[in-house]
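Chains, contacts and geometry: an overview
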Amino acid sequence: MTRYVKDHRTRFYVMRHAPTEWNRAGRIQGQADSPLTRDGEMWADQWGRQLAELRLQRILSSDTGRAVTTARRINQTLQLPLDHDIRLREQDWGQWTGRTIAAIRKTQEDRFRQQERRGWSFCPPGGEERLDVLQRARDSLQAAGRKWPGSRLLVISHEGVLKCLVYHLAILQSCGASFDPMASYHLHCLALENERLVLEQMNALAFRPPARHGTPAHGGKPKG
């Protein structure tokens, strides 16, 4: 006779907020903010319907306005308990907040290249290291796992935070093997068991845009 073992893992379905005015302009938001675009609002409304099939039990979001607005619009469909955590905020880009990557490269090319070479220690002037972003994001998910063990949580955060989490776990689990890059407007599945965070699936779900709207523009840099 087959014996079924209950799965005690807490699962996190992590995603980026909907596109904003600064995303459209290519400006670095960091821990500053800008409103969702009209298309972004429509995307978030549709995401709620698409996410309904995942049997989620709670939403946890960054406390920035763009993440909170995305969460609330999604939750118009899901109708779940909604919590916010400051630790899920985007990386602080310090003096480069509000600027474009192109403008920074033009005026501070050497400084920007120097930071890019630092990898996980990348830190904009007056800002925050990527390693610090990774640590606080992990702390947030581990705390959520202790508070709501065995739950299925939708986590709405920012591109830089998601890249830190997903790429770090992918590197750990692949032991140096190549892996597909994550996409900005996809859902990624992480799990927590005994305080250990693991990547279950990168790009687990691609969000469908409203039929009459095109895909919003977004870049590969962790700035939003």
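Residues numbered from 1 in each chain as written. Predicted model: local features only at pLDDT ≥ 70, side-chain atom pairs only at ≥ 80, totals over all residues. Heavy atoms only, no water.

**A short note on the confidence of the model for the protein chain**
Overall, the prediction assigns the protein chain a mean pLDDT of 90, with 88% of residues at 70 or greater. Within the model, the stretch residues 213-222 combines pLDDT values under 50 with 27 contacts to residues more than four positions away or in other chains. (pLDDT = per-residue confidence, 0-100. Contact = heavy atoms within 4.5 Å.)

**Digging into the packing of helix 2 (residues 38-51) against helix 3 (residues 65-78)**
Angle between the axes and distance between the axes: these two values describe a pair of packed helices. In contact at an axis separation of 7 Å, helix 2 and helix 3 are set at 40° when each is read in the N-to-C sense. Looking at the two axes, helix 2 sits oblique to helix 3. At the point where helix 2 passes helix 3, the crossing takes the right-handed sense. Of the residues in helix 3, those in contact with E41, A44, D45, W47, G48, R49 and L51 of helix 2 are T70, R73, I74, Q76, T77 and L78. (Axes fitted to C-alpha atoms, helices over the stretch in contact; angles between N-to-C directions. Helix = DSSP H or I, 4+ residues; strand = E, 2+ residues; numbered from the N terminus. Parallel < 35°, antiparallel > 145°, perpendicular 65-115°, else oblique. Left-handed = near helix turned anticlockwise from the far one by under 90°.)

**A few points about the sheet that holds strand 5 (residues 186-193)**
Strand pairing in a sheet is mediated by backbone hydrogen bonds. Such pairs are either parallel or antiparallel. Ordered in space as 3-2-4-1-5-6, the 6 strands form an open sheet in which the pairing is mixed. Each edge of the sheet is formed by a strand with only one pairing partner; in this case those strands are strand 3 (82-84) and strand 6 (196-206). The mean inter-strand angle of the sheet, taken between neighbouring strand axes irrespective of direction, is 25°. With 3 bridges joining them, strand 2 (residues 58-61) and strand 3 adopt parallel strand pairing. (Pairing = 2+ DSSP bridges.)

**Observations regarding the pairing of strand 5**
Taking burial as the measure, the 8 residues of strand 5 include 6 buried ones, the bulk of the element. Where strand 1 (residues 10-16) meets strand 5, 5 bridges bridge the pair, whose relative direction is antiparallel. Pairing of T10 across the sheet is with L192, part of strand 5. The pairing of strand 5 with strand 6 spans 7 bridges and is classified as antiparallel. (Buried < 20%, exposed > 50% of the residue type's maximum accessible area, 1.4 Å probe, protein only.)

**Focus: helix 6 (residues 159-174)**
With 16 residues, helix 6 should cover 22 Å at 1.5 Å per step; its first-to-last C-alpha distance of 21 Å lies within 8% of that length. Counted residue by residue, helix 6 has 12 buried out of 16 residues, so it is predominantly covered. Tucked inside the fold, the buried residues of helix 6 contact strand 1, helix 5 (130-147), strand 4 (152-157), strand 5 and strand 6. (Expected span 1.5 Å × (residues − 1).)

**Focus on the side chain of R11**
Relative to the helices and strands, R11 resides in strand 1. Using a relative accessible area of 15% as the deciding quantity, one classes R11 as buried. Setting aside chain neighbours within four positions, we find R11 in contact with S151, R152, L153, C189, L190, A191 and E200.

**Comments concerning the pattern of salt bridges**
Applying the stated criterion across every chain yields a total of 16 salt bridges. One salt bridge connects E116 with R105, and the closest N-O pair in it is separated by 3.1 Å. Residue E116 is classed as partly exposed on the basis of its relative accessible area of 30%. In this structure, R118 engages E129 in a salt bridge whose closest nitrogen and oxygen atoms are separated by 3.6 Å. Of this pair, R118 sits in the loop between helix 4 (101-117) and helix 5 while E129 sits in the loop between helix 4 and helix 5, placing them 11 residues apart in sequence. The exposure class assigned to R118 is partly exposed, which follows from its relative accessible area of 38%. (Salt bridge = Lys/Arg side-chain N within 4 Å of Asp/Glu carboxyl O.)

**Topic: the environment of Q46**
Position of Q46 among the secondary structure elements: in helix 2. Linking Q46 and F207, residues 161 residues apart in sequence, is a C-alpha distance of 8.8 Å.

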